[in-house]
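Given next are the chains, with one letter for each unit.
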Amino acid sequence: MVDAILGLQWGDEGKGKIVDYFAPQYDIIARFQGGPNAGHTLYVEGKKVVLHQIPSGVFHPHTINLIGNGVVLDPVTLKRECETVAGFGVDVRKNMFISHRTHLILPTHRALDKASELQKGNDKIGSTLKGIGPAYMDKTGRNGLRVGDLLDKNFTTSYIRLRLKHQRMLDSMGFQEDITPWEEEFFDAIEFLRSLNVVNGEYFINESIVAGKKVLAEGAQGSMLDIDFGTFPFVTSSNTTTSGVCNGLGVAPQKIRDVMGVTKAYCTRVGSGPFPTELHDAVGEELRKLGNEFGATTGRPRRCGWIDLIALKYACMINGVTKVIMTKADVLDKFETLEVCTAYKIDGKESEYVPFQMTRHQIEPVLRSFQGWITDTTEVKNHADLPVKMKEYVDYINKFIGVDVSHISNGPGRDQIVIV
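Definitions and limits used
Residues numbered from 1 in each chain as written. Predicted model: local features only at pLDDT ≥ 70, side-chain atom pairs only at ≥ 80, totals over all residues. Heavy atoms only, no water. Salt bridge = Lys/Arg side-chain N within 4 Å of Asp/Glu carboxyl O. Helix = DSSP H or I, 4+ residues; strand = E, 2+ residues; numbered from the N terminus. Buried < 20%, exposed > 50% of the residue type's maximum accessible area, 1.4 Å probe, protein only. Pairing = 2+ DSSP bridges. Core = buried A, V, L, I, M, F, W, Y, C linked by side-chain atoms within 4.5 Å. Contact = heavy atoms within 4.5 Å. Axes fitted to C-alpha atoms, helices over the stretch in contact; angles between N-to-C directions. Parallel < 35°, antiparallel > 145°, perpendicular 65-115°, else oblique. Left-handed = near helix turned anticlockwise from the far one by under 90°. Nonpolar A, V, L, I, M, F, W, Y, C, P; charged D, E, K, R; others polar.

A.B. asks: Requested: an account of the pattern of salt bridges, with residues and values cited.
C.D. replies: Evaluated as defined, the whole model comprises 19 salt bridges. Among the salt bridges present, the one from Glu202 reaches Arg101, with a minimum N-O distance of 2.8 Å. One end of the pair, Glu202, is in helix α8 (residues 201-210); the other, Arg101, is in the loop between β7 (96-99) and β8 (103-104), with 101 residues separating them in the sequence. Using a relative accessible area of 17% as the deciding quantity, one classes Glu202 as buried. Classification of Arg101 by relative accessible area gives partly exposed; the value is 42%.

A.B. asks: Can you explain the pairing of β7? Please cite residues and give values.
C.D. replies: In β7, alternate side chains face the same way, and those of Met96 and Ile98 on one face and Phe97 and Ser99 on the other are all buried. Strand direction decides the pairing type here: strand β5 (residues 64-67) and β7, joined by three bridges, are parallel. Its bridge partner being in β7, Asn65 is matched across the sheet by Met96. Where β7 lies against strand β9 (residues 197-199), three bridges are found, and the strand directions are parallel. In the sheet register, Ser99 faces β9, and the bridge partner there is Val199.

A.B. asks: Give a description of unusual backbone geometry that names residues and reports values.
C.D. replies: Cis peptide bonds are those with omega within 30 degrees of zero, and the linkage from Phe232 to Pro233 qualifies with 5°. Structurally, Pro233 can be placed in the loop between β10 (215-218) and α9 (243-249). Residue Gln221 is not a glycine yet carries a positive backbone phi of 55°. By the element assignment, Gln221 lies in the loop between β10 and α9. Positive phi, normally seen in glycine, also occurs at Asp347, with a value near 55°. Inspection of the secondary structure assignment puts Asp347 in the loop between β16 (337-346) and β17 (349-351).

A.B. asks: Pulling in residues and values, what's your account of the nonpolar core?
C.D. replies: As a rule of thumb, nonpolar side chains are buried together in soluble globular proteins. Among the nonpolar cores identified, the biggest contains 70 residues, and Leu66, Val245, Leu332, Tyr344 and Tyr393 are the most heavily contacted of them. Not counting residues within four places of it along the chain, the set of residues in contact with Tyr393 comprises Ala265, Ile307, Leu332, Leu338, Val340, Phe370 and Trp373. Listed in part, the 30 residues of the second largest apolar core include Val92, Ile98, Leu104 and Leu162.

A.B. asks: Report on the packing of helix α4 (residues 107-120) against helix α6 (residues 155-172), specifying residues and quantitative values.
C.D. replies: Running from N to C, α4 and α6 point in directions that differ by 15°, and their axes come no closer than 10 Å. What the angle tells us is that α4 and α6 run roughly parallel. With respect to the hand of their crossing, α4 and α6 are arranged in left-handed fashion. Contacts from Pro107, Thr108, His109, Ala111, Leu112 and Ala115 of α4 reach α6 at Tyr159, Arg163, His166, Met169 and Leu170. When the residues that make up the contact of α4 with α6 are grouped by side-chain class, the tally is seven nonpolar, three polar and one charged.

Have a look at this one:
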């Protein structure tokens, strides 16, 4: 069977640590969507490591890591990451595999991403400018190049043909930038990529399941950034929800067992787009400071606010979440009063539904207050030792969303997780 770990908010929920925590229980960790816009932060041997493309189980020697066909792969980023993990004694040629069907991000995809954002002006999406959107556009437009194409002698010809098409698009947008250095890096990384394990991902994963292997599917970004169900158009370019596991790995729906959804104890968002519970005051700034809320990929300061139970319940519904894992609960240790959003006030009426188009409404969050616990929880190991007020906060969330929190992360370390 396949279990999945995915984000329930706007990404940055701390999925990397959670995957790393559960990895020893699985034989295979498989990334099923997204690109190098995902930054999964781990702490290995006391050092901070941010993974953008490699699955978060790479530091566990017995675990196989698969980059699935739903991912868009930047060879340059992958090469750098492989060099980073090699510094910890990890040989990715032994424990990492890449699906033939995984689409490649080309240098011109990055240029198109940048040109597109510049054209949007004040209406920009907040792209990380890594080329993810244009790569997915080529995928759906049936133009893209895939990892399996590297094994074809005509790869360079196919690359030049696609590059010329992209150049015409860039010319039409009046975009001028020399991408020669990007191309030099790209072809150097392509040679490295050819040395890695490339497999028929769908057969690889299904044959492993038949053999009794336990698979953990690792998602990137968050459910509220899903291309279909997120806060469109301020979303990512892939399906970040459970359905993406099937599309991005080639496994059937009945193979999926547990869906573990990750949420912070509060809310953050990077980039543009609606965020009903965002705080623009000193409290929001304090959340940012205590939570060290800066993007793992971009370094951008994250927008911060109280937990949004309307969005969280919605995300649990569309994903079929069976367990919720709450991260960064310790960030709330110093707040005397906490708020949770229990409804949206839209045009004077209260609603518990996420509207079709959030940007068309002035949404006012309806907040319920909770007394904070004002206790350092970072050293707590057992659920019984958590503050009563924290338990009350979590119990209310459980009842509201209809799914129980099974684990509470109370710090960045591997051992800082409390089983509920």
